Amino acid sequence: MEIKLPENERALWILKTKGPLSVITLAKELNVTTEGARFNILKLASEGLVLSETVSKGRGRPQQIWSLTATGNSRFPDTHADLTVKLIQKTREILGEKALDAVIEAHSAEIRNSYLNAVSGVDALEKRIQILTEIRNNEGYMAGYTQEDDHFLIYENHCPICAAATICQGFCRSELETFQAVLGEKTTVERLDHIVSGATRCTYKVSIKKNR
């Protein structure tokens, strides 16, 4: 049975998964009139959940583009954020940075092995990317991918460990290493956008290494 969200909640979900949008584009996504979308977005703005900025594109008129605020993003849960942050702080305080790094590496190794098992026997790069994004999506990262001319882009619209990653960059470093291990030594994985650095999503460029 499909659960239908109220329009304003759907608008938040769309902005989270699609990124910043104009009212016209949001209206199409919501399947409502432009005025209906504008009413919803202004209501969300009054609650501090979204904000707008004016963006100029080419010679056309500047567009008003809407995106989630930090409060809006907080509607999408950060898994056990407070407890995780406190555990990280206490580990660092009592045992030191090296011990914290060892714990993160052990946790990352477990995840990496799980991902590697999932792609075992799969040679095609796109199929590996598909499996990886499906796993990440199931873990709450709102993940997906697109294929460009000579590379793939993996995107994650939500980070369920954002609070932990903000105070400990080891999580993000090991995540990038895990992606590289899963997608294979013949590829290069590069992080283009980073939620922790203020971007609306994390984006990774996956390229096949060229033979020299």
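Figured I'd write up the structure that's included with this text.

Parameters at a glance
Residues numbered from 1 in each chain as written. Predicted model: local features only at pLDDT ≥ 70, side-chain atom pairs only at ≥ 80, totals over all residues. Heavy atoms only, no water. Helix = DSSP H or I, 4+ residues; strand = E, 2+ residues; numbered from the N terminus. Buried < 20%, exposed > 50% of the residue type's maximum accessible area, 1.4 Å probe, protein only. Contact = heavy atoms within 4.5 Å. Areas by Shrake-Rupley, 256 points an atom, 1.4 Å probe, with all protein chains shown as cover. Pairing = 2+ DSSP bridges. Axes fitted to C-alpha atoms, helices over the stretch in contact; angles between N-to-C directions.

### As for the overall build of the chain
Counting its secondary structure elements, the chain contains nine helices and seven strands. By the burial criterion, 37% of the 212 residues in the chain qualify as buried. Partitioning the intrachain contacts of the chain with sequence separation of at least 6 by distance along the chain shows that 48% fall at a separation of at least 24. By element, 52% of the accessible surface of the chain is carried by carbon and sulfur atoms, the whole surface being about 13,100 Å².

### Re the sheet that holds strand β5 (residues 151-156)
An order of β4-β5-β7-β6 is seen for the four strands of this open sheet, with the pairing classed as antiparallel. The strands lining the two open edges of the sheet, one partner per strand, are β4 (143-147) and β6 (187-193). Each adjacent strand pair in this sheet contributes to an overall mean axis angle of 20°, direction not counted. Pairing geometry for β5 and strand β7 (residues 202-208), over six bridges, is antiparallel. Bridge pairing in β7 places Tyr155 opposite Thr203.

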